[in-house]
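Observations on the model geometry
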Amino acid sequence: MRIGQGFDAHRFSDGRKLVLGGIEIEYPLGLLGHSDADVLVHAIIDALLGAAGLGDIGMRFPDTEPAYKGISSLILLGNVVTELTDLGFSILNVDATILAQKPKIGPYREKMLKTLSMVMGLDPSRINLKATTTEKMGFVGREEGIAATAVVLLEEPTAG
Ligand code: MG
């Protein structure tokens, strides 16, 4: 088995949709980024790539590449999952945490879970989503942006 971890953070910005865990969230601010800036999905992608020993999201999907401008991060996630599956890896579980002072994530949790489970071809019981504030400390606490961490466990391809 192989473990991987991912971390990401994006800054709030006017005039952007807030997309987290593949779904749109009602909030006056969105996150700034080359893609849809889905910080949770980015952390999960980095955890997957890390577990497989395949580098990181910036190497895979450079933010200088026009093709990725405004792209749904779910597409990137789907690509990575397909690649791992083709290599013979299977995903055992994903555990992720969103760090946000605002907005409240709870009401969106189920829908995020459903979306991620669909895109990853994974039973929802294998995905755990958590959310926390940082008790008003740091950039998250000052509501400057949102961060996310993720851990995944992969089963390696069987030899032969
Ligand atoms: Mg990112």
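Check the entry above for the structure.
Now for a look at the structure at hand.

Some points on the pattern of salt bridges
If you walk through the whole model with that rule in mind, you get 6 salt bridges. The salt bridge partner of Glu24 is Lys17, with a shortest N-O separation of 3.9 Å. The closest approach of N and O atoms between Lys130 and Asp95, which form a salt bridge, is 2.7 Å. In this pair, Lys130 sits in strand β6 (residues 127-132) while Asp95 sits in strand β5 (residues 90-99), placing the two residues 35 residues apart along the sequence. We classify Lys130 as partly exposed; its relative accessible area is 34%.

Focus on the coordination of the magnesium ion
When a metal holds four donors in a tetrahedron, each ideal angle between them is 109.5 degrees; when it holds six in an octahedron, the ideal angles are 90 or 180 degrees. Here the magnesium ion is held by the protein donor atoms Asp8 (OD), His10 (NE2) and His42 (ND1), which lie 2.1 to 2.2 Å from it. Mapped onto the sequence, the residues coordinating the magnesium ion show the spacing D-x1-H-x31-H. Placement of the pair is Asp8 in strand β1 (residues 2-13) and His42 in helix α1 (residues 39-52), with a sequence separation of 34 residues. Residue Asp8 shares its accessibility class with His42, and that shared class is buried.

Side note on the packing of α1 against helix α4 (residues 109-120)
Close contact between α1 and α4 brings their axes to 13 Å; oriented N to C, the two are set at 40°. In the packing of α1 onto α4, the handedness of the crossing is right-handed. Judged by residue contacts, Leu40, Val41, Ile44 and Leu48 of α1 engage Met112, Leu116 and Met120 from α4. Across the contact of α1 with α4, the residue classes break down as 7 nonpolar, no polar and no charged.

Considerations on the nonpolar core
One finds Ile44, Leu48, Leu77 and Met120 to be the most contacted residues of the largest nonpolar core, which totals 47 residues. Looking at this core, the elements that each hand over two or more residues are β2 (18-20), β3 (23-25), α1, α3 (73-86), β5, α4, β6 and β7 (145-155). Here this core gets 11 residues from one element, more than from any other, and that element is α1. Sequence-distant contacts of Ile44, that is, excluding residues within four places in its chain, are made with Leu77, Val94, Ala96, Leu116, Met120 and Ala150.

The rules behind the values
- Residues numbered from 1 in each chain as written.
- Predicted model: local features only at pLDDT ≥ 70, side-chain atom pairs only at ≥ 80, totals over all residues.
- Heavy atoms only, no water.
- Salt bridge = Lys/Arg side-chain N within 4 Å of Asp/Glu carboxyl O.
- Helix = DSSP H or I, 4+ residues; strand = E, 2+ residues; numbered from the N terminus.
- Buried < 20%, exposed > 50% of the residue type's maximum accessible area, 1.4 Å probe, protein only.
- Donors = N, O, S within 2.8 Å, 3.2 Å for Na, K, Ca; no water.
- Axes fitted to C-alpha atoms, helices over the stretch in contact; angles between N-to-C directions.
- Left-handed = near helix turned anticlockwise from the far one by under 90°.
- Contact = heavy atoms within 4.5 Å.
- Nonpolar A, V, L, I, M, F, W, Y, C, P; charged D, E, K, R; others polar.
- Core = buried A, V, L, I, M, F, W, Y, C linked by side-chain atoms within 4.5 Å.

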